[in-house]
Amino acid sequence: MTGGRQEKAKSTSGVRGNLDEEYCFPNKNVASLVDAKEAPALLISPNGKYLAHLGPSGLKSLQEMSEPEVRTAGLRLSTDFTKSFARRNFYISLQIESLPVKPDTIKSKREKFQVVPENIERRLLHFKWNSAGDTLAFCEFYKSKVYLNVCLVEKKKLIRKELRLNDTLCSPLKWIDTEKILVLKAANSTRTPPQRSIRSRPTTDFHDGKEAKLAPTFQDLIKDEYDEETFTYYTQSQLAVVSIANNDGKSNLICNDIRRIPPAIYIDFDTSPNGRYLKLDELPAPFSRMVSYKFFARRTTVHKLLAHNNNKETQYKGEFVREISKLDADELSYSAYDARRKGRRSCWWSEGHGALICFVEALDDGNPNTDIEYRDRVCALQENDAFTKEVEIIKLASGFRQMGVLETGDLAIVTERWWKTKLEQTWLVYFKGGSPNLLNKTQVLLSERIYEDKYSDPGNIQYGTSRTGTKCPLHIRKKFGEQDDVSLVLYNNEGAGEEGYIPFLDIITIDLANLENISSRSSSNNGSAFNIGDVTQIWESNHEAGKFERIHAILNSSGSTFLSDDDSLRVLISQESPEQPPNHYLCDLKTNKMSGRNAVRITDYEHPYPAIKGYSKHIIKYSRSLDGVTLSATLYLPAGHDINDKGQKLPLFFWAYPRSFKSASAASRLTDSPFRFPEIIPFKSPLVWLTLGFAILDGPAIPIIATAGDDPSHFNDTFVEQLVSSAEAAVNYLCSDLGICDPDRVAVGGHSYGGFMTANLLIHSGNLFSCGIARSGAYNRTLTPFGFQREKRTFWDAPEVYAKMSPFFQFTFKYESNSISTWWGRREQRDIY
């Protein structure tokens, strides 16, 4: 940090610094935190028998960060075709471990084998288990080659094939069945990239005057024909099928292009649960020059996947069936909260009905200002009707959020949400009959809550992999497919409450036979999030023992999403404390609560940050003077310092990020646990300052609350006042009430909107802060005149708000004033004010 009291840096080129100066290196304690090895990522097989350990690559080198990039349509791609995304995270090793399947064998011997040894020259990505859980597919990228790898786990064998896969817009592989993979090949890998030519005419944009359109602040948009050609070159793909062949005891991979389906720019693709059809989402030309690729025009089609044998080799072709959806470029919906695209959107295959494709359609044309009873509807198209006859599943009074269908096809769970009211509702749609009939259904309200209130969160319904490879809700029944009571698994990985985060897992049991007796459009939950069903808590984190635990996976050996109603519920759980990093255990929740003898430790990670050992962590509460709202923060003290010791005043580093709320009660909720182990991400964690003797106030609440009775979109009218009052409350509590920090040595910092906050606090909070670090912030809001962050009003709607919130307009340069260091990561710019 740089401050007014610090000696002015020597420079021969003004604020830009000396062009001859080299990178500075931190002391060894800070360096040890930056170089700490990250724990592997874990990936459980659908059958619960295998655990894949994915070795992360760590921080990128200067050479990698300096590689040239292609920027088009909101993408930043490497000029090396095999890398696709520039500066992406990846893995460099793969190890697979076997896990016991039955509760009575939970302590049985576990085997590990190294599939891919560690090698920093390779990049491993897109790991996908097949539905049987015995084969793992993934991509292996080198500078000049790409391989599709398939690991036959039970045989401990790896087979690979060189294929130029294209992952610019989505993962390039999806399983069709347990032995075939649908892949996206780079269509233009043998061609040279387009070259920019000298233009012979000006670039012009034409507006037809029919509809006003806002121009949002997107980066790296398409500007001309060269950008369009570049986008097409890098993103166009050819569909193909890769099969695992076994000849004379040898396994190999065979790749065949799908004929009659030409190359296109695919943003999503999938096969129907019965494997007979393809759903393809493509981005057709022309491309918008106002928005990024995510908002381009989109076309969804269904094709029949046909296979025939030719000289002992299977050939594939696609037969066009129907266009499901065709959306224009979405150049409007981002301009207002709760706005949605006009037309059929979010098409997906549903389980339990062979080939059933669902979609969502806005009944208000996507305009949230339209006064209408129902805003969205979910519909389905069936294979037996050639995907032509719409069947309406449900109408929603607010915006569709998600839908899950049980593997049996008889129960759908649909969630809707509305930003303006913060209301979230979840509905059950029960399809009756031995073979579920979409026309014979009952609809009831399952739960209703204000979603910004963390304390009311009942948890999320847990999903697993069906027999056909589709993601479906886990469910418990006496017998698979039986029409009786059904139980769903709910898990909340935060479990926010008055004591902090305490994750929990519940089971909710629903009597399907009595659903018709419950009103379909009213709530009688009496304060509970649930309107129907009996909820039983199965597990919660061991808060009383000073531990923080989380469930990472529910292990299911049934080969489906059906959990048998017996005495076992196997899970992979992590346990941590402020001095112990997260380690994973395998246990049965119905026989022990992590304290029994049957819990087996799976990982044994050591403390990655010895330089901060002995620190203490505290959750503190205080109130701001502006409106009396209770706030909270996480306080870290370096080793050797006690929160009750007022003898030595510590310097304080205040690291925060403002968030908007509709209600003061939601803004007052605790958002951490005192028993979590700190995760230090080198390029953005403030905890590195612990090694330098600072007290760290990490994530102090900076709520920007809508004024009672006002439109919640107008909360920024008092942005500065709420910002300053929140910061003053935190600093005064530590420096005056607790008396452990030095009021003359308080620094503030933040990233992105937190950087924007930092500049505002240094300008508006008087002498509260001596200096600050504002990283990657935007300080002149007139440069984002069509909205920013949660502000959806344009500059012309609220010019006084834009001006008041912009530090650029408020800052008066004085050498003795507080100092702001602003960092831009992409172009390595640095300005000192």
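Given the structure is predicted, the values throughout are model-derived calculations rather than measurements.

Cut-offs applied
- Residues numbered from 1 in each chain as written.
- Predicted model: local features only at pLDDT ≥ 70, side-chain atom pairs only at ≥ 80, totals over all residues.
- Heavy atoms only, no water.
- Helix = DSSP H or I, 4+ residues; strand = E, 2+ residues; numbered from the N terminus.
- Buried < 20%, exposed > 50% of the residue type's maximum accessible area, 1.4 Å probe, protein only.
- Contact = heavy atoms within 4.5 Å.
- Areas by Shrake-Rupley, 256 points an atom, 1.4 Å probe, with all protein chains shown as cover.
- Salt bridge = Lys/Arg side-chain N within 4 Å of Asp/Glu carboxyl O.
- Phe/Tyr/Trp six-rings, centres within 6.5 Å; stacked < 30°, edge-to-face > 60°.
- Lys NZ or Arg CZ within 6 Å of the ring centre and 35° of its normal.
- Core = buried A, V, L, I, M, F, W, Y, C linked by side-chain atoms within 4.5 Å.
- Axes fitted to C-alpha atoms, helices over the stretch in contact; angles between N-to-C directions.
- Parallel < 35°, antiparallel > 145°, perpendicular 65-115°, else oblique.
- Pairing = 2+ DSSP bridges.
- pLDDT = per-residue confidence, 0-100.
- Expected span 1.5 Å × (residues − 1).
- Polar contact = N/O pair within 3.5 Å; in protein donor to acceptor, adjacent residues only side chain to side chain.

It is worth spelling out the overall build of the chain at this point. The secondary structure content of the chain amounts to eight helices and 48 strands. The buried share of the chain, taken over its 833 residues, is 53%. Pairs at least 24 apart in sequence give 62% of the contacts found in the chain among residues at least 6 apart. In the structure as shown, the chain presents an accessible area of about 38500 Å², 47% of it carried by carbon and sulfur atoms.

Across all of its chains, the model carries 45 salt bridges by this definition. Note that Lys49 is salt-bridged to Glu154, the shortest N-O span being 3.8 Å. With Lys49 in the loop between β1 (41-44) and β2 (50-56) and Glu154 in the loop between β9 (146-152) and β10 (157-162), the pair connects residues that are 105 residues apart, well separated along the chain. Among the residues examined, Lys49 registers a relative accessible area of 28% and is labelled partly exposed. Overall, Glu154 belongs to the exposed group, its relative accessible area being 54%. The salt bridge partner of Glu282 is Arg299, with a shortest N-O separation of 3.4 Å.

The next point concerns the environment of Ser752. Inspection of the secondary structure assignment puts Ser752 in the loop between β45 (741-751) and α6 (753-764). Between the C-alpha atom of Ser752 and that of Gly777, which follows or precedes it by 25 residues, the distance is 4.3 Å. The contact partners of Ser752, leaving out residues within four places of it in the chain, are Arg775, Ser776 and Gly777.

With that settled, the discussion passes to the packing of aromatic side chains. All told, the structure shown has 29 aromatic pairs when counted by the stated rule. Ring centres of Tyr142 and Tyr147 lie 6.2 Å apart, and the angle between their planes is 90°; this geometry places the pair in the edge-to-face category. Note on Tyr142: relative accessible area 22%, which makes it partly exposed. For Tyr147, a relative accessible area of 14% gives the class buried. An aromatic cluster is built from Phe786, Phe788, Phe795, Trp796 and Tyr802, whose rings are joined through pairwise contacts. Across from the ring centre of Tyr147, 3.9 Å away, lies the NZ or CZ of Arg160, which sits over that ring.

With 53 residues, the main nonpolar core has Leu635, Phe654, Leu697, Leu734, Leu761 and Phe769 as its most contacted residues. Looking at this core element by element, the count peaks at ten residues for helix α5 (residues 719-737). Grouped together as the second largest cluster of nonpolar side chains are 22 residues, Cys139, Ile181, Leu253 and Cys255 included.

The subject of this paragraph is the packing of α5 against α6. At their nearest, the axes of α5 and α6 sit 10 Å apart, and the two run at 85° to each other. With respect to α6, the axis of α5 lies roughly perpendicular. Between α5 and α6, the residues in contact are Phe719, Val720, Leu723, Val724 and Ala727 and Tyr753, Phe756, Met757, Asn760, Leu761 and His764, respectively.

Below, the discussion takes up the pairing of strand β18 (residues 313-327). As paired strands, strand β14 (residues 250-259) and β18 are joined by two bridges and run parallel to one another. Counted as the bridge partner of Ile258 is Tyr316 from β18. Relative to β18, strand β17 (residues 298-310) runs antiparallel, the two being bridged by 13 bridges. Paired with His303 across the two strands is Phe320, which belongs to β18. The antiparallel pairing of β17 with β18 creates a hairpin that spans two residues between the two strands, and Asn311 there sits at a positive phi of about 55°.

Looking at the chain, pLDDT values average 88 and 88% of them are 70 or higher. Note on residues 1-15: pLDDT is under 50 here. Beyond four places in sequence and across chains, it has 25 contacts. Counting contacts from residues 823-833, a segment whose pLDDT is below 50, to residues more than four positions away or on other chains yields 37 contacts.

A few words now on α5. Between the first and last C-alpha of α5 there are 26 Å, a value that for 19 residues agrees with the 27 Å anticipated at 1.5 Å per step. Following α5 by one or two positions, Gly739 adopts a phi angle in the positive range, close to 70°.

The eight strands lie next to each other as β11-β12-β13-β14-β18-β17-β16-β15, forming an open sheet whose pairing is mixed. Strand pairing shows two members of the sheet lacking a second neighbour, β11 (173-175) and β15 (266-271), which therefore form its edges. The sheet shows a mean angle of 30° between the axes of neighbouring strands, taken without regard to direction. Alignment of strand β16 (residues 277-282) against β17, held across six bridges, turns out to be antiparallel. Among the inter-strand pairings, Leu278 is bridged to a residue of β17, identified as His303.

In this section: the environment of Ser616. Its place among the elements puts Ser616 in strand β39 (residues 616-623). It is 8.0 Å that separates the C-alpha atoms of Ser616 and His641, two residues lying 25 residues apart in sequence. Discounting residues that sit within four places of it in the chain, Ser616 has contacts with Leu635, Tyr636, Leu637 and His641. A polar side-chain atom of Ser616 sits 3.0 Å from a polar atom in the side chain of His618.

Spatially, β34-β36-β37-β38 is the arrangement adopted by the four strands of the open sheet, whose pairing is antiparallel. Lying at the two open borders of the sheet, with one neighbouring strand each, are β34 (548-554) and β38 (600-601). Relative to strand β37 (residues 580-588), strand β36 (residues 570-577) runs antiparallel, the two being bridged by seven bridges. Each residue of the ladder has a partner; that of Ser574, found in β37, is His584.

This part is about the environment of Ile357. Along the polypeptide, Ile357 turns up in strand β20 (residues 356-362). On the basis of relative accessible area, Ile357 is assigned to the buried category, the value being 0%. For the pair Ile357 and Glu383, spaced 26 residues apart in the sequence, the C-alpha separation amounts to 8.4 Å. Among all residues touching Ile357, those that are not within four sequence positions of it are Lys279, Val302, Ile324, Cys347, Trp348, Trp349, Cys379, Ala380, Leu381 and Phe387.

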